[in-house]
Amino acid sequence: MEAIPPAPPRILIVDDDDSVRDVISVLLREEGYNCVVANGAEMALDVAGEEETPLVISDMKMPGRDGLWLLENLRERLPDTSVIMLTGYGDTESAVDCLRRGAVDYLLKPPKLTDLIRAIERALAKRRIEMARKRYQKKLEGKVRDRTAELRSALHNIANTYQNTLLALVAALDAREHETSDHSQRVVSYTSAIASRMGIHGKEMEEIGRGALLHDIGKIGVPDAVLLKPGKLTPDEWLEMRRHPEIGFQMIQNIPFLSTPADIVLSHQERYDGAGYPRNLQRNEIHIGARIFAVADTLDAMTSDRPYRKGTTFANAIQEIKRCANTQFDPDVVKAFLDIGEEGLIRIKKEMAEKKLNPMQAAADAAESEAELARLTDLDDEPDSPPVGSTATPIGAPPVVIRSASGTEG
């Protein structure tokens, strides 16, 4: 079967002089071109829009709308249509101006057939190249969009992996400290609410949230004999307990996306008046995330039940935090905290409680988290030994007292 030859390109000839228009169209048809005609610029614009018209050959001077008007409108409405201008001997300056405005060529009237054919072929060849370039650019842009979407998806998956790893780490730590389970998650919620009130959003909010989540990660390095001791700690044991901010900082400081949270972990036991530890920082020397966390942590410690005491009311906790502004806490943070209000803070805790799993599932998740933590961090140096974060307290044994590193039981 013979291949069907491509259809000849459609060329629109525009001239108010019937004889010139007819002669050009007849000659081009004899050369195999598909010619249509128009006797004015406005008619030409309508004809060109009816179907694809690769090339327009237009007279410069016409009554009413001239060739320049047609050129400008074709550039705007049909940018893929090429234009050759025909001009008289004394009108070459205007023709050059047309080239600057987007015409591909101009010829003097009456044009020689050979010159006209060459001009047409140059214009059509240039258009083919331009159309091919646009198709390639469009295809390339499509590929870029696809790759960008894939990259965003990959980055999102990486971010989820990071977050899940952190959650596994903290879940294992919470499992080690039975009665403080969910403490880290609640503190993150309180911290985020206060930070939002202070106008903190985006990446900074995420980093502060991670710092709050990981604040006690250094307790992994505190021996069970100290962390789970039911009685009062000796001075040496308190010194061991107070090392956990530095231990946590050393654990995560070299992880690029945790560099800022590492500063919060290191500073989360500092006080606004400089009486905290480990560096006795004060005021703005303390990272804003650590200053916010201090308020959130105190609220949760005061309002949470412990085996040895009942949690106080939110109203009492709020008054105590308000009293300690300018000493233990940053007054600007306390102001934002108070703006949330008692009902707002209670609602945050209630929402966290509603998300909590049933006890059997929680126990299973804790065990799974410890196993995941051992796998992810390679903390278990001896294959036959239990993971560092495992608990030695059997089910049904009396609960042990967990102390906060600030020196109070909580």
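Basis of the calculations
Residues numbered from 1 in each chain as written. Predicted model: local features only at pLDDT ≥ 70, side-chain atom pairs only at ≥ 80, totals over all residues. Heavy atoms only, no water. Helix = DSSP H or I, 4+ residues; strand = E, 2+ residues; numbered from the N terminus. Contact = heavy atoms within 4.5 Å. Areas by Shrake-Rupley, 256 points an atom, 1.4 Å probe, with all protein chains shown as cover. UniProt positions renumbered as here; feature names shortened; annotations may be inferred. Buried < 20%, exposed > 50% of the residue type's maximum accessible area, 1.4 Å probe, protein only. Arc of directions from axis to C-beta. Core = buried A, V, L, I, M, F, W, Y, C linked by side-chain atoms within 4.5 Å. Pairing = 2+ DSSP bridges. Axes fitted to C-alpha atoms, helices over the stretch in contact; angles between N-to-C directions. Phe/Tyr/Trp six-rings, centres within 6.5 Å; stacked < 30°, edge-to-face > 60°. Lys NZ or Arg CZ within 6 Å of the ring centre and 35° of its normal. Salt bridge = Lys/Arg side-chain N within 4 Å of Asp/Glu carboxyl O. Patch = residues over 30% accessible without salt bridge, like charges linked within 9 Å, V, L, I, M, F, W, Y side chains within 5 Å. Polar contact = N/O pair within 3.5 Å; in protein donor to acceptor, adjacent residues only side chain to side chain. Parallel < 35°, antiparallel > 145°, perpendicular 65-115°, else oblique. Left-handed = near helix turned anticlockwise from the far one by under 90°. Nonpolar A, V, L, I, M, F, W, Y, C, P; charged D, E, K, R; others polar.

## Quick look at the overall build of the protein
Counting its regular elements, the protein contains 15 helices and five strands. In the protein, once contacts between residues fewer than 6 apart in sequence are set aside, the share between residues at least 24 apart is 66%. For the protein, the accessible area works out to roughly 22500 Å², and carbon and sulfur atoms hold 53% of it.

## With respect to the UniProt feature "modified residue: 4-aspartylphosphate" (unreviewed entry) in the protein
The UniProt record marks Asp59 with the feature "modified residue: 4-aspartylphosphate" (unreviewed entry), using the residue numbering of this structure. Positionally, Asp59 belongs in strand 3 (residues 55–59).

## As for helix 13 (residues 314–323)
All of the buried residues along helix 13 are Phe314, Ala317, Ile318 and Ile321. An end-on view of helix 13 places all buried positions within 100° of arc, on one side of the element. Within helix 13, the exposed residues directed more than 90 degrees away from the buried face are Gln319 and Arg323.

## Topic: the nonpolar core
Formed by 36 residues in total, the largest nonpolar core has its most connected members in Ile194, Val295, Leu299, Phe337 and Leu345. Those elements that place two or more of their residues in this core are helix 6 (183–197), helix 7 (202–213), helix 12 (288–303), helix 13 and helix 14 (331–355). When neighbours within four sequence positions are excluded, Ile194 is seen to be in contact with Ile292, Val295, Ala296, Val333, Ala336, Phe337 and Ile340. Counting 21 residues, the second-largest nonpolar core is a separate cluster that includes Leu45, Val56, Met60 and Ala95.

## Quick look at the pairing of strand 5 (residues 105–108)
The two faces of strand 5 differ: Asp105 and Leu107 on one face are buried, but Tyr106 and Leu108 on the other face are not. In terms of strand pairing, strand 4 (residues 82–87) meets strand 5 through four bridges, oriented parallel. Bridge pairing in strand 5 links Leu86 to Leu107.

## Here's the deal with the sheet that holds strand 2 (residues 34–38)
Read across the open sheet, the five strands follow the order 2-1-3-4-5; overall the sheet is parallel. Only two strands of the sheet have a single partner each, and these edge strands are strand 2 and strand 5. Adjacent strand axes in the sheet meet at a mean angle of 20°, parallel and antiparallel pairs treated alike. Sheet contacts for helix 1 (residues 18–30): strand 1 (10–14), strand 2, strand 3 and strand 4; angle to strand 2, the most-contacted strand, approximately 170°.

## Topic: the packing of aromatic side chains
For the structure on display, the rule yields zero aromatic pairs. The lysine or arginine in question, Arg242, covers the ring of Tyr277, its NZ or CZ lying 4.0 Å from the ring centre.

## Let's talk about the pattern of salt bridges
If you walk through the whole model with that rule in mind, you get 19 salt bridges. Of the charged contacts in the structure, one is a salt bridge between Arg100 and Asp97, with a shortest N-O distance of 3.6 Å. Here the residue Arg100 and the residue Asp97 both occupy positions in helix 4 (residues 92–100), the gap between them amounting to three residues, near one helical turn. A residue is classified by how much of its surface remains accessible, and Arg100, at 65% relative accessible area, is exposed. Of the charged contacts in the structure, one is a salt bridge between Arg101 and Asp97, with a shortest N-O distance of 2.9 Å. For Arg101, a relative accessible area of 38% gives the class partly exposed. Classification of Asp97 by relative accessible area gives partly exposed; the value is 22%. Put simply, Glu72, Asp97, Arg100 and Arg101 are held in one network by salt bridges that share partners.

## Let's talk about helix 10 (residues 244–252)
Buried within helix 10 we find His244, Pro245, Ile247, Gly248, Phe249 and Ile252. On its buried face, helix 10 is in contact with helix 9 (235–241) and helix 11 (259–267).

## Describing a nonpolar patch on the surface
On the surface, a nonpolar cluster with roughly 210 Å² of combined accessible area is contributed by Val23, Leu27 and Leu113. One can find Leu113 in helix 5 (residues 113–176).

## Overview of the side chain of Ser25
With respect to the helices, strands and loops of the structure, Ser25 is situated in helix 1. One polar contact links the side chain of Ser25 to the main-chain carbonyl oxygen of Asp22, over a distance of 2.8 Å. Once you skip the residues sitting within four places of it in the chain, Ser25 turns out to touch Ile13, Cys35 and Val37.

## Considerations on unusual backbone geometry
Here the residue pair Lys109 and Pro110 is connected by a cis peptide bond, since its omega of -10° sits within 30 degrees of zero. Examined against the element boundaries, Pro110 turns out to sit in the loop between strand 5 and helix 5. Going from Tyr277 to Pro278, the amide bond is cis rather than trans, its omega being 10°. Relative to the helices and strands, Pro278 resides in the loop between helix 11 and helix 12. Unusually for a residue other than glycine, Asn280 sits at a positive phi of about 55°. Inspection of the secondary structure puts Asn280 in the loop between helix 11 and helix 12. Unusually for a residue other than glycine, Asn326 sits at a positive phi of about 80°.

## Observations concerning the packing of helix 10 against helix 11
Orientation of helix 10 relative to helix 11, taken along the N-to-C sense of each, is 170°, at an axis distance of 7 Å. Put simply, helix 10 runs roughly antiparallel to helix 11. Two packed elements cross with a definite hand, and for helix 10 against helix 11 that hand is left-handed. Taken together, the residues of helix 11 that come into contact with helix 10 (itself represented by Pro245, Glu246, Gly248, Phe249 and Ile252) are Pro261, Ala262, Asp263, Val265 and Leu266. In terms of residue class, the contact of helix 10 with helix 11 is made up of seven nonpolar, one polar and two charged.

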